[in-house]
Amino acid sequence: MEDQLKFPIGTFQRPEIISKEQIADYIDIIETFPERLAAEVMQLSNEQLDTPYRPGGWTIRQVVHHCADSHVNSFVRFKLSLTEDTPVIKPYYEDRWAELADAKSLAIEPSLLLLKGLHKRWVVLLKSLKADELKRTFIHPQSGRTYALDENIGLYAWHCNHHLAHITTLKSRRGW
């Protein structure tokens with residue numbers, strides 16, 4: 001049950017081959033995420049926003065702010081990968097960021113606005129990428145793994161749906 005609450009849509013599974021059509025589907029998920037997220041959270045009370053999506057998990061408020069933090073970092077990683085040769089990206093401690101005052105107590109509207117503007121720019125960038133640019137890479141120093149941008153687009157499409165499912169499944173369980 002805990003894994004179902006932690007990963008309501010399962011973990012990210014990288015396809016063997018990432019087709020042009022799959023990239024377009026991923027980009028559509030990323031493009032629509034800010035609107036889909038806002039539709040799920042804007043009518044929630046502060047008490048609901050401060051409810052963890054699972055025991056020991058983040059609150060809905062923290063999830064919204066985490067999405068803004070994570071997607072800003074990803075956008076920067078994309079730009080670094082497109083302008084540098086296989087950069088080593090800067091990781092961040094998402095769990096620590098989620099404990100900072102802005103993530104724990106700030107209204108969600110600033111992060112929803114940030115996501116709306118960021119995703120608009122991100123999608124323009126993603127839709128402009130040519131096949132060779134989709135294969136550009138970065139290195140994540142914590143794992144030492146090299147990631148290609150096409151895979152990272154899929155990972156962030158999953159990330160959007162993953163955190164949205166945290167919210168929608170909690171709302172469903174609570175009858176909100």
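It should be noted that the structure appears before, not after, this text.
As a starting point, this report considers the structure included with it. (Residues numbered from 1 in each chain as written. Predicted model: local features only at pLDDT ≥ 70, side-chain atom pairs only at ≥ 80, totals over all residues. Heavy atoms only, no water.)

With that out of the way, let us pick up the overall build of the chain. Counting its secondary structure elements, the chain contains 9 helices and 2 strands. Each helix and strand of the chain, placed in order from N terminus to C terminus, yields the pattern α-α-α-α-α-α-α-α-β-β-α. Since a compact globule built from 176 residues should have a radius of gyration of about 16 Å, the 16 Å found for the chain is in line with a globular shape. Taken over the C-alpha atoms alone, the chain extends approximately 45 × 30 × 30 Å along its principal axes. Looking at the chain as a whole, 45% of its 176 residues qualify as buried. Of the contacts formed within the chain by residues at least 6 apart in sequence, a portion of 78% connects residues at least 24 apart. Element-wise, carbon and sulfur atoms account for 53% of the exposed surface of the chain, whose accessible area totals about 9600 Å². Positive and negative side-chain charges of the chain, numbering 22 and 23 respectively, have mean locations separated by a distance of 2 Å. (Helix = DSSP H or I, 4+ residues; strand = E, 2+ residues; numbered from the N terminus. Rg over C-alpha atoms; globule rule 2.2 N^0.38 Å. Buried < 20%, exposed > 50% of the residue type's maximum accessible area, 1.4 Å probe, protein only. Contact = heavy atoms within 4.5 Å. Areas by Shrake-Rupley, 256 points an atom, 1.4 Å probe, with all protein chains shown as cover. Lys, Arg positive; Asp, Glu negative; His and termini not counted. Charge placed at Lys NZ, Arg CZ, Asp CG, Glu CD.)

Remark: helix H2 (residues 20-41) packs on helix H9 (residues 149-174), axes separated minimally by 9 Å, with the N-to-C direction vectors making an angle of 25°. In this view, H2 runs roughly parallel relative to H9, as classed from their interaxial angle. The interaxial crossing formed by H2 with H9 has left-handed handedness. Every residue of H9 that contacts H2 at Ile23, Tyr26, Ile27, Ile29, Ile30, Phe33, Arg36, Leu37, Glu40 and Val41 is listed here: Asp150, Ile153, Gly154, Tyr156, Ala157, Cys160, Asn161, Leu164, Ile167, Thr168 and Lys171. Looking at the contact of H2 with H9, its residues break down into 14 nonpolar, 3 polar and 4 charged. (Axes fitted to C-alpha atoms, helices over the stretch in contact; angles between N-to-C directions. Parallel < 35°, antiparallel > 145°, perpendicular 65-115°, else oblique. Left-handed = near helix turned anticlockwise from the far one by under 90°. Nonpolar A, V, L, I, M, F, W, Y, C, P; charged D, E, K, R; others polar.)

Read these as layout, nothing more, since geometry by itself doesn't imply function.
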